[in-house]
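# Observations on the model geometry
Listed below are the residues making up each chain.
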Amino acid sequence: MNMLRFLLMKFAVPVPDITKYDRFLFIGPHPDDIEIGAGATAARLAAEGKSVCFLICTDGRYGDGFTELRGDALAECRKRESLESAKMLGVEDVRFLGLSDGGFYETDALIRGIAEAVGDFRSDVIFAPDPCVTSECHQDHLNVGMAARKIACLAPYAHLMEHYGAQHADVKALAYYFTAKGNCFVGTKGYRDKQLASIFDCHQSQFPPNGAEGKSIALYLKLRSIYYGIRSFRGSAEAFRVLGQTHMHCFPEGGN
């Protein structure tokens, strides 16, 4: 019966094919999160001529475990690295909210910043970290995921977006990366190496050459792309939990 219900719901309210749209806003809690969570997909969309924008919410000033830089100097370094990394992926439109990482900001400022970017960019699809993953412990990831889902749902309604000082946008889908329940697979053959280069060649304040954590993440990304590639018959792929507007507010089965 569960399988029958799944098939009926899948037919009645299908998951949007996010690659069919034109304007993609990738929201990252920190510098480097977009690249790790969805860098190959971003590179593919940019190469296909889609409009791609990166919004980086925090400045990364407390990610100082791998460098001697501190405070404003580290924040400025991580901004430069983000711009270089995005350029390597083919993305020129990069925006920064400039909030302090570690949760040291008002969530209203985060929500308003995301709302303004969504409306100004006229986003069709919003990418953000999945805030419903049971293992996720980083408050910035949770905050950004929750804020993104709030705005994704409200974005089409001009009178609601006005409360955040933002324009409305006809958002078609919310795509969660860093998710354990992928329901949409984007083929990334030919783009994984570009993703890895954007992380390890550009974000060296976080991933020093030959660092143990970098090697671990690189291996994870390679195995992840192979696993999802086999699962989706694409050879190499990234997985996302995609919700259309109907899934977001009146379709509880969408959480499964």
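Structure report, in brief. (Residues numbered from 1 in each chain as written. Predicted model: local features only at pLDDT ≥ 70, side-chain atom pairs only at ≥ 80, totals over all residues. Heavy atoms only, no water.)

Here we come to the nonpolar core. Counting residues in each nonpolar core, the largest one holds 32 residues, and the members touching the most others are Leu25, Ile27, Leu110, Ile114, Val118 and Ile151. Residue assignment for this core shows that the elements contributing at least two residues are β1 (23-28), β2 (51-58), α4 (107-121), β4 (125-129), α5 (139-154) and β5 (173-177). No other element matches the seven residues that α4 contributes to this core. Excluding residues that lie within four positions of it along the chain, Leu25 makes contacts with Cys53, Leu55, Ala117, Val118, Phe121, Ser123, Val125, Ile126 and Phe127. Formed by 25 residues, the second largest nonpolar core is a distinct cluster that contains Phe24, Ala38, Ala43 and Ala46. (Core = buried A, V, L, I, M, F, W, Y, C linked by side-chain atoms within 4.5 Å. Buried < 20%, exposed > 50% of the residue type's maximum accessible area, 1.4 Å probe, protein only. Helix = DSSP H or I, 4+ residues; strand = E, 2+ residues; numbered from the N terminus. Contact = heavy atoms within 4.5 Å.)

Applying the stated rule across the entire model yields zero disulfides. The thiol of Cys53 is unpaired, and the distance to the nearest cysteine sulfur, on Cys57, comes to 11 Å. (Disulfide = S-S within 2.5 Å.)

What follows covers the pairing of β2. Counting buried positions along β2 yields seven of eight residues, so the element is predominantly enclosed. Examined bridge by bridge, β1 and β2 share six bridges and lie parallel to one another. Among the inter-strand pairings, Phe24 is bridged to a residue of β2, identified as Val52. In this view, the connection linking β1 to its parallel neighbour β2 by way of helix α2 (residues 33-47) has right-handed handedness. (Pairing = 2+ DSSP bridges. Right-handed = clockwise from strand over helix to strand, strands pointing away.)

This paragraph deals with the packing of aromatic side chains. In the structure shown here, the tally under the stated rule is nine aromatic pairs. Considering the side-chain rings of Tyr177 and Phe178, the 4.8 Å spacing of their centres and the 70° angle between planes classify their relative orientation as edge-to-face. Among the aromatic residues, those joined into a ring-pair cluster are Phe24, Phe26, Phe54, Phe127 and Phe240. The ring of Phe121 has Arg23 sitting right over it, with the charged end atom 4.4 Å from the ring centre. (Phe/Tyr/Trp six-rings, centres within 6.5 Å; stacked < 30°, edge-to-face > 60°. Lys NZ or Arg CZ within 6 Å of the ring centre and 35° of its normal.)

Turning our eyes to something else, we now look at the pattern of salt bridges. Under the defined criterion, the tally for this structure stands at 13 salt bridges. The partner of Asp59 in a salt bridge is Arg61, and the shortest N-O contact between them spans 3.0 Å. Looking at Arg61, the relative accessible area reads 19%, which means it is buried. What you see here is one network of salt bridges that share partners, running through Asp59, Arg61 and Asp72. (Salt bridge = Lys/Arg side-chain N within 4 Å of Asp/Glu carboxyl O.)

Our next topic: the sheet that holds β5. What the seven strands build is an open sheet, ordered β3-β2-β1-β4-β5-β7-β6; its pairing is mixed. Both outer strands of the open sheet, β3 (93-99) and β6 (184-187), are each paired with one neighbouring strand and no more. Mean inter-strand twist for the sheet, computed between neighbouring axes without regard to direction, equals 25°. The sheet contact formed by β1 and β4 spans three bridges and is parallel. Looking across to β4, one finds that Leu25 is bridged to Ile126. Strands β1, β2, β4 and β5 of the sheet are contacted by α5, whose axis makes an angle of about 155° with β4. (Axes fitted to C-alpha atoms, helices over the stretch in contact; angles between N-to-C directions.)

Now for the packing of helix α7 (residues 192-200) against helix α8 (residues 212-232). When two helices pack together, their arrangement is given by the angle between the helix axes and the distance between those axes. Look at α7 against α8: their axes get within 11 Å of each other, and the N-to-C directions meet at 160°. Classified by the angle between their axes, α7 and α8 sit roughly antiparallel to one another. In the packing of α7 onto α8, the handedness of the crossing is right-handed. Here α7 contributes Arg192, Gln195, Leu196, Ile199 and Phe200 to the contact with α8, which in turn contributes Gly214, Ile217, Ala218, Leu221, Lys222, Arg224, Ser225 and Ile226. Residues belonging to the contact of α7 with α8 are distributed by class as follows: seven nonpolar, three polar and three charged. (Parallel < 35°, antiparallel > 145°, perpendicular 65-115°, else oblique. Left-handed = near helix turned anticlockwise from the far one by under 90°. Nonpolar A, V, L, I, M, F, W, Y, C, P; charged D, E, K, R; others polar.)

On to α2, then. An α-helical turn contains 3.6 residues, so any two residues separated by three or four positions project in the same direction. Between its terminal C-alpha atoms α2 stretches 20 Å, which fits the 21 Å expected from 15 residues at 1.5 Å a residue. Most pronounced at Gly39, the bend in α2 amounts to some 80°. Positive phi appears at Gly49, one or two residues downstream of α2, with a value of about 85°. (Expected span 1.5 Å × (residues − 1). Bend = angle between axes of the 7 residues up to and from the residue.)

Another aspect to go through is α4. With 15 residues, α4 should cover 21 Å at 1.5 Å per step; its first-to-last C-alpha distance of 21 Å lies within 8% of that length. If you check which residues of α4 are buried, you get Leu110, Ile111, Gly113, Ile114, Ala115, Ala117, Val118, Gly119 and Phe121. Where α4 is buried, its residues meet β1, β2, β3, β4, α5 and α6 (158-161).

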